[in-house]
Amino acid sequence: MRKILTALCAGLLLAAAAHADNQYKVLVLAMPGKYHYEYIPIARDSFERLARLHAFELTYTSEPAAFDGDLGQYAAVVFLNTPGEELSAPRRRKFEEYMKAGGNAMLVHRALIIPPNTWPWFEKLVGRAIGVHPMLQTGVVDVVDKDFPAAYGLPQRWLWSDEWYVSTNPYNISVKPVLNVDESTYDPAKIWPGQVATGMGKDHPVAWYHHVEKGRVFVTALGHSGEMYRDPQYLAHLMGGLYWTATGKGAAP
């Protein structure tokens, strides 16, 4: 009996030590949508592995009620394929207060799209307004800022398949691009009947960062399908962005 109690105590101490070693807490909101739902269990598994590997505490949820709690406990809030319009007006206010108090945000793929004038503050948080996008195609991504953590796991020219969002800048927000897509490597006009798509030319950012209120914001337009959340290079891209968002560290001087 004494040996059993000793083993139990040791196990509890190890668990407590592991918990104490977590560097920060992250909230990930991943809600299902019409075109984005199969990614949720895959992304959850991957984020949980990243949390164990990199020693941070993770709250992964599909329930916006998580915003009713204390957001101040989180070093970063991640909108994973979940647009801000999913939040009620009181929850929007809480998130704005969180950012004004020094909170940080990371926005992934579908989270970038919100109807104009639905929540102008969130549009400014994204830093760009997303319009139409061509069909999912394989293209080449160029690293623009090799000194930013979200690019550390990527080659200078990266072959990737995604929806290459076309964006505008209605609020004249200054952002720092991390990745651009080379429009010569896919067809920017390939879109569904009845829609029209044109490219953005040489400067077509698909990942960027900036500061909003007192917080850091990292944005990536990449991440359409579930299988992407099993790809080591894409996960390195996400982890680099998350690390900077949560800590402000990692960028080369």
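Here the structure is a predicted model, which is why all the values come from computation and not from measurement.

Report on the packing of helix 2 (residues 39-54) against helix 5 (residues 232-247), specifying residues and quantitative values.
Working note: a packed helix pair is described by the angle between its axes plus the distance between those axes. Running from N to C, helix 2 and helix 5 cross one another at 55°; their axes reach a closest spacing of 11 Å. Classified by the angle between their axes, helix 2 and helix 5 sit oblique to one another. Helix-helix and strand crossings are classified by hand; for helix 2 and helix 5 the assignment is right-handed. Note on element contacts: helix 5 touches helix 2 through Leu235, Leu238, Met239 and Leu242, opposite Ser46, Phe47, Arg49, Leu50 and His54. Split by residue class, the contact of helix 2 with helix 5 holds six nonpolar, two polar and one charged.

Describe the nonpolar core, listing the residues and the values that go with them.
Core analysis: the biggest nonpolar cluster contains 77 residues, and Phe79, Leu80, Phe95, Leu107, Leu125, Leu179 and Tyr229 have the highest contact counts within it. Tyr229 has contacts with Tyr39, Ile42, Ala43, Ser46, Leu80, Asn81, Val108, Gly223, Tyr234, Leu235 and Leu238, leaving out every residue within four places of it along the chain.

Lay out the environment of His211 in plain terms, naming residues and giving numbers.
The topology assignment puts His211 in strand 10 (residues 205-212). Since its relative accessible area comes to 55%, His211 is described here as exposed. The spacing of His211 and Gly127 is 84 residues in sequence and 9.6 Å in space, taken between C-alpha atoms. In this structure, His211 is in contact with Arg216 and Trp244, ignoring residues within four places of it in sequence.

I'd love a proper account of the environment of Arg128, names of residues and values included.
Counting through the fold element by element, Arg128 comes out in the loop between helix 4 (120-126) and strand 5 (129-130). Its relative accessible area of 16% is what places Arg128 among the buried residues. Along the backbone, Arg128 and Ile42 are 86 residues apart, and their C-alpha atoms lie at a distance of 28 Å. If near-sequence neighbours (up to four positions away) are discounted, Arg128 is found in contact with Glu123, Ser167, Thr168, Asn169, Ile173, Val175 and Trp208. A polar contact is formed between the side chain of Arg128 and the backbone oxygen of Ile173, at a distance of 2.9 Å.

Outline the pairing of strand 9 (residues 176-182), supporting the account with residue identities and numerical values.
Of all seven residues making up strand 9, five are buried, and the element is well covered by its neighbours. Pairing of strand 6 (residues 137-143) with strand 9 involves four bridges; the strand directions are antiparallel. Looking at the pairing, Val140 lines up with Asp182 of strand 9. Relative to strand 10, strand 9 runs antiparallel, the two being bridged by four bridges. If you follow Pro177 over to strand 10, its bridge partner there is Trp208.

I'd like a description of the packing of aromatic side chains, backed by residues and values.
How two aromatic rings sit relative to each other is given by the distance of their centres and the angle of their planes. The tally for this structure, following the rule as stated, stands at 19 aromatic pairs. Centroid distance Phe95 to Trp121: 5.6 Å. Interplanar angle 90°. Geometry classified as edge-to-face. Placement of Phe95 in helix 3 (residues 89-100) and of Trp121 in helix 4 is noted, with a sequence separation of 26 residues between them. The pair formed by Phe95 and Trp121 is uniform in burial state, with each residue classed as buried.

Could you give an account of the side chain of Arg128, naming the residues involved and the relevant values?
Buried charge without a salt bridge: Arg128, with Asp203 as the nearest opposite-charge side chain at an N-O distance of 9.5 Å. Engagement of the side chain of Arg128 in a polar contact is seen with the side chain of Asn169, the distance being 3.4 Å.

Rules and cut-offs
Residues numbered from 1 in each chain as written. Predicted model: local features only at pLDDT ≥ 70, side-chain atom pairs only at ≥ 80, totals over all residues. Heavy atoms only, no water. Axes fitted to C-alpha atoms, helices over the stretch in contact; angles between N-to-C directions. Helix = DSSP H or I, 4+ residues; strand = E, 2+ residues; numbered from the N terminus. Parallel < 35°, antiparallel > 145°, perpendicular 65-115°, else oblique. Left-handed = near helix turned anticlockwise from the far one by under 90°. Contact = heavy atoms within 4.5 Å. Nonpolar A, V, L, I, M, F, W, Y, C, P; charged D, E, K, R; others polar. Core = buried A, V, L, I, M, F, W, Y, C linked by side-chain atoms within 4.5 Å. Buried < 20%, exposed > 50% of the residue type's maximum accessible area, 1.4 Å probe, protein only. Polar contact = N/O pair within 3.5 Å; in protein donor to acceptor, adjacent residues only side chain to side chain. Pairing = 2+ DSSP bridges. Phe/Tyr/Trp six-rings, centres within 6.5 Å; stacked < 30°, edge-to-face > 60°. Lys, Arg positive; Asp, Glu negative; His and termini not counted. Salt bridge = Lys/Arg side-chain N within 4 Å of Asp/Glu carboxyl O.

Limitation: the analysis is restricted to geometry and does not speak to function.
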